Amino acid sequence: MKKKKCIAMLLAGGQGSRLGRLTSSIAKPAVSFGGKYRIIDFGLSNCVNSGIDTVGILVQYKPLILNRYVGTGESWDLAVADGGVHILPPYARETGGEWYEGTADAIYHNIDFIDIYDPENVLILSGDHIYKMDYNLMLQEHLDKESDLTVSVIEVPWEEASRFGIMSTDDQDRITKFSEKPAEPDSNLASMGIYIFSWKALRKALLEDHEDKASSHDFGKDIIPKMLAEGKKLSVYRFKGYWRDVGTVQSYYDSQMDLMDDVENINVFTKDMKVFSNSNMYPPQFLGPDANISNSLICNGCTVYGTVKHSILGSGAVVGAGTVVEDSIVLPNAIVGRNCRITKAIINEGVVVEDNEVVGSEDGEVIVYGQAKLSI
Amino acid sequence: MKTIGLISANYGSSSFGDLLENRTLASLPYGGRYRLIDFALSNMANSGITTVGVIAPYNSGSLIDHIGDGSEWSLGRKNGGLFLMPGSAFGVQSRGSRFLLRDLLKNIKFFERDDADYVIMSGSSDVWNIDFEPLIKQHSKTDKPITMVYKKVPKGEDYHGYFLNIDDSGKVADIRTESFGWSNYFTDCFIVDRDYMLDFMNWFGALEYMDMIEIMRTNMETMDIATFEFKGYLGKIKNPSDFLKVNQAMSDYDIRNEVFCNPERQIYTKTQDEAPVFHLPEADVRNSVISAGCVIEGRVENSIIFRSVYVGKGAVIRNSVIMMHGEIGDGAVLDNVIADKYVKINEGVKLYGGGGEPIIIGKEKTI
């Protein structure tokens, strides 16, 4: 097998409990986004658009829909002979089975997998970010600087810096300090949770970390501070562009509203570095004689008889006559009946809203309506 | 009962002008995201048929590009799968002929090499969603080597093709090219015993310039043909007016549900993975079908808009079909127009097709 310059490991096992009902039956990376996508599409598309053809996807929490969605990886042009996507759940060994106990632990359990490909570098990704990024540019910088670890960072407003993991750097962009949610930040470079390690350095760090009983086996909390303390060469890669962590209902909602409100910045629909998805086959949308749609994103398979304002309708969603959907997101295959009023709400996948229902309100918080009924 | 499928795509029509200049009828874009052959392919796939031959025309570029290895229809397989087979070059005789014997003889190996009991033969230009399983079941119970699929159509309507005179036992007594008051319209689809098909090609080999149905029609005394009625929607497209009408049929609630939104039998097509449609605040879309990737700033009524079309501010599109990557400038007005791929309509241009045949704008033209 040809030796790989870089393979990606995509962390997709977390529960995403802050997304509440959205993740009650589905792993966070498989949650719908922007009507026709699922969150994992962004990471997978970035990989293929960056020339990375080997991706391990670490799953643990309710992975069935995610596994089915990823399939052979064909939808992202990742069904390749000498690599491709690999779903990596925890598995039993001679000594028994263990769950993934943290981000670093998940990678530790798959050292054998990475060794099969014997890459020079390993890219660690989260499955819950919305962004377009050419990892190749980051890899190039990582190689040019001969770093052991390169952390992708984004400049955040100073007043928000204390909400992030902050990297302090010297004038060569070498990391001098890492502080998780510092009260008084001395830098505004926030870690995006995207790392490129030289495999040799990561492998050693993982083995040592596994033996450390005090460790929580987390990249941010344990591995990076440890490598920093050991004087390893850690650098930042400055990413510029749209990037959002959609870990909460509010950020998940806001980021999707950006698709309509912040068209200049959010570039997910542009043709360069196209975002791919494994969408089901739907006919084009049908808009009825009295449909009234403005400032909205409507997907294939939708049927609309009512009014839709500043909202997103996912694939196969239906909006009945007399209904007004405003500032809302109707996830795929949800059916909103007649004469309903949906305001500032997220209607979960496959949920039926009966006629005449009122969901959400203008002033309230964004609410998630219904338990997802997912069909394969 | 093992059944394989054969789809003929080696026929065109002279009445479509520019629309069929560089493509076969089978690869004519339809319904916002489909090509006409998707229906024949999906019907086969949805009926559990895993070996399908497609007889391609000489100008097969767009067809091959669309079908690829057949994986969209689950035909990218090791055992069976899709067989793309060359047909003969178009001749005057074969224009419009679905089952030209020469095309079948040229690909006789497709019939010889398989061990299937039956072959379903289908044209590739109708919009319909049929389950072949009841057809196969009925055919397996008769002793007749052929079962033709027909649809009852309103009498006196101007249909182009073959009509069947069916006797009381359900047997085809006669086949005619005019209706004679019969309402049993042949759907360009039949099932035949594979052995009989080989015999047929052998017996009538000298008539290779003829259509198989034509041979059957002129040799009725030796034919023993059963019939199967299809009761669903059949969208027949023989000219641009039909094309517009059958496209607009997608807006009909019942037809949409029967043909396009049947979860048991989906219509598959090549996926392009476009973004959702962006309806801007000025957009006003009614009774229309819009495909992914479009950006709409104007008005659209009773129309079909294919993927990645831009409709500018104040533009009005009525009773029209705009194929993929069209660009309709601000303030343009299109009424009763069929615009092929990559058509650009400049700002303020107004085109009215009137009550007659739609205006056709050829591929990549700018007006």
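Since we're looking at a predicted model, the values are computed, not measured.

Participant: I'd love a proper account of the overall build of chain A, names of residues and values included.
Facilitator: Helix and strand content of chain A: eight helices and 28 strands. Computed over C-alpha atoms, the radius of gyration of chain A comes to 22 Å, within 12% of the 21 Å expected from 2.2 N^0.38 for 376 residues, which places it in the range of a compact globule. Dimensions of chain A, computed from the C-alpha atoms along their principal axes, are close to 65 × 45 × 40 Å. For chain A, with 376 residues in total, the buried portion stands at 58%.

Participant: Talk me through the overall build of chain B; I want residue IDs and the actual numbers.
Facilitator: Helix and strand content of chain B: nine helices and 26 strands. Radius of gyration (C-alpha) of chain B: 21 Å, near the 21 Å computed for a compact globule of 367 residues. In chain B, buried positions account for 60% of the 367 residues. Taking as baseline every contact in chain B between residues at least 6 positions apart, the subset at least 24 positions apart corresponds to 58%. Total accessible area on chain B stands at roughly 14100 Å², and carbon and sulfur atoms take up 46% of it. Computing the positive centroid from 39 side-chain charges and the negative centroid from 49, chain B places the two 1 Å apart.

Participant: Lay out the pairing of strand β5 (residues 84–88) of chain A with the relevant residues and their values.
Facilitator: Residues and elements named next belong to chain A. With five bridges joining them, strand β4 (residues 54–58) and β5 adopt parallel strand pairing. For T54, the partnering residue across the bridge sits in β5 and is G84. At this point the chain moves from β4, through helix α2 (residues 64–70), to the parallel β5, and the crossover so formed is right-handed.

Participant: Describe the sheet that holds strand β24 (residues 344–345) of chain B, naming the residues involved and giving the relevant values.
Facilitator: Strands sit in the order β28(A)-β25(A)-β22(A)-β19(A)-β16(A)-β12(B)-β15(B)-β18(B)-β21(B)-β24(B) across an open sheet of 10 strands; the sheet is mixed. Of all the strands in the sheet, the pair left with one neighbour each is β28 (367–369) of chain A together with β24 of chain B. Alignment of strand β18 (residues 310–311) of chain B against strand β21 (residues 327–328) of chain B, held across two bridges, turns out to be parallel. Bridged to Y310(B) within β21(B) is E327(B).

Participant: Help me get a handle on the domain arrangement of chain B, residues and values and all.
Facilitator: Residues and elements named next belong to chain B. Domain assignment breaks chain B into domain 1 (3–260) and domain 2 (278–361). Just the C-alpha atoms count here: the centres of domain 1 and domain 2 sit 32 Å apart. Taken together, the contact between domain 1 and domain 2 spans 21 residues of the former and 22 residues of the latter. Taken over both partners, the interface formed by domain 1 and domain 2 buries close to 1600 Å², and the fraction arising from carbon and sulfur atoms is 64%.

Participant: Break down the packing of aromatic side chains for me, citing the residues and quoting the values.
Facilitator: Residues and elements named next belong to chain A. For the coordinates displayed, the defined rule picks out 24 aromatic pairs over all chains. Between Y37 and F42, the aromatic rings sit 5.9 Å apart at their centres with planes inclined by 45°, giving tilted as the arrangement. The buried category is assigned to Y37, whose relative accessible area is 4%. Accessibility expressed as a relative area gives 1% for F42, which makes it buried. Members of the aromatic cluster, joined through ring pairs, are F33, Y37, F42 and Y252. A cation over an aromatic ring shows up here: R38 above the ring of Y69, its NZ or CZ 5.5 Å from the ring centre.

Participant: Describe helix α7 (residues 219–229) of chain A, and please don't skip the residues or the numbers.
Facilitator: Listed in full, the buried residues belonging to α7(A) are F219(A), G220(A), D222(A), I223(A), I224(A), K226(A) and M227(A). Count one or two residues on from α7(A) and you reach G231(A), which has phi positive near 75°.

Participant: Outline the side chain of H129(A), listing residues and values.
Facilitator: Residues and elements named next belong to chain A. Structurally, the position occupied by H129 is in strand β7 (residues 129–131). A polar side-chain atom of H129 sits 3.4 Å from the main-chain carbonyl oxygen of M192. Among the polar contacts made by the side chain of H129, one reaches the side chain of W243 at a distance of 3.4 Å. Residues contacting H129, with those up to four places away along its chain left out, are I39, F42, M192, W243, R244 and D245.

Participant: So, the interface of chain A and chain B: which residues are in play, and what are the values?
Facilitator: Of the residues lining the interface, 36 residues belong to chain A; the matching set on chain B comes to 37 residues. Both sides of the chain A and chain B interface together cover about 2700 Å² of buried area, and 51% of this is carbon and sulfur. Put simply, chain A and chain B have two salt bridges between them. Notably, a salt bridge pairs D273(B) with K36(A), separated by 2.6 Å at the nearest N-O pair.

Participant: Could you give me a rundown of the pattern of salt bridges, with the residues and numbers involved?
Facilitator: Applying the stated criterion across every chain, the model contains 39 salt bridges over all chains. E230(A) is the salt-bridge partner of K232(A), the closest N and O atoms lying 3.3 Å from each other. Judged by relative accessible area, K232(A) falls into the partly exposed class, the value being 23%. On the basis of relative accessible area, E230(A) is assigned to the partly exposed category, the value being 38%. Residue D224(B) pairs with K144(B) through a salt bridge whose shortest N-O separation is 3.6 Å. Of the two residues, D224(B) is situated in the loop between α7 (212–218) and β11 (225–229) and K144(B) in the loop between α5 (133–141) and β7 (146–152); the sequence distance between them amounts to 80 residues. Each of K204(A), E208(A), K226(A), E230(A) and K232(A) takes part in one network of salt bridges that share partners.

Participant: Can you lay out the side chain of S198(A) for me, pointing to particular residues and giving the numbers?
Facilitator: Residues and elements named next belong to chain A. Relative to the helices and strands, S198 is located in strand β11 (residues 189–198). For S198, a relative accessible area of 15% translates into the label buried. Beyond its immediate stretch of four places on either side in the chain, S198 contacts E120, N121, H142, S147 and D148.

Participant: Give a description of unusual backbone geometry that names residues and reports values.
Facilitator: In the Ramachandran plot, N339(A) falls in the positive-phi region, its phi being about 50° despite a non-glycine side chain. In this fold, N339(A) is placed in the loop between β23 (335–336) and β24 (341–343). One non-glycine residue, N287(B), adopts positive backbone phi at about 50°. You can see N287(B) is positioned in the loop between β13 (284–286) and β14 (288–290).

Calculation notes
Numbers given for residues are sequential positions, taken from 1 along each chain in its written order. Written order decides the labels, with chains lettered from A and ligands numbered from 1. Two thresholds apply to this predicted model, a pLDDT of at least 70 for residue-level local features and 80 or more for giving and counting side-chain atom pairs, whereas whole-chain, interface and lining totals are computed over all residues. With hydrogens and water stripped out, all remaining heavy atoms of the structure feed into the side-chain values. Strands are runs of DSSP state E lasting at least 2 residues, helices are runs of H or I lasting at least 4, and numbering of each runs from the N terminus. Based on C-alpha atoms, the radius of gyration is set beside the globule rule, defined as 2.2 Å times the residue count to the power 0.38. Using a 1.4 Å probe on the protein chains alone, a residue whose accessible area is under 20% of its type maximum counts as buried, one over 50% counts as exposed, and one in between counts as partly exposed. Contacts are assigned to residue pairs that have any heavy atoms within 4.5 Å of one another. Method for areas: the Shrake-Rupley scheme with a 1.4 Å probe, in which residue coverage is limited to the protein chains shown. Asp and Glu are treated as the negative residues and Lys and Arg as the positive ones, with His and the ends of the chain left uncounted. Charged side chains are reduced to one point each, which is NZ for Lys, CZ for Arg, CG for Asp and CD for Glu. Strand pairing is defined by DSSP finding a minimum of two bridges between the two strands. The handedness rule is simple: strands pointing away from the viewer, and a clockwise path from the first strand over the helix to the second, make the crossover right-handed. As used throughout, domain bounds are those supplied by an automatic or database domain assignment. Buried area: the accessible area, evaluated with a 1.4 Å probe, that two parts lose upon being put together, summed over both parts. Under the pairing criterion, centres of Phe, Tyr and Trp rings, with the six-membered ring standing for Trp, must be within 6.5 Å; the plane angle then separates stacked pairs below 30 degrees from edge-to-face pairs above 60, leaving the rest tilted. Only Lys NZ and Arg CZ are tested; either one counts as a charge over a ring when it is within 6 Å of the ring centre and within 35 degrees of the ring normal. Any pair of nitrogen or oxygen atoms within 3.5 Å is treated as a polar contact; in protein, a donor-acceptor pairing is required on top of that, and neighbouring residues in sequence qualify only through side-chain atoms on both sides. Each salt bridge in this description consists of a side-chain nitrogen of Lys or Arg and a carboxyl oxygen of Asp or Glu lying within 4 Å of one another.

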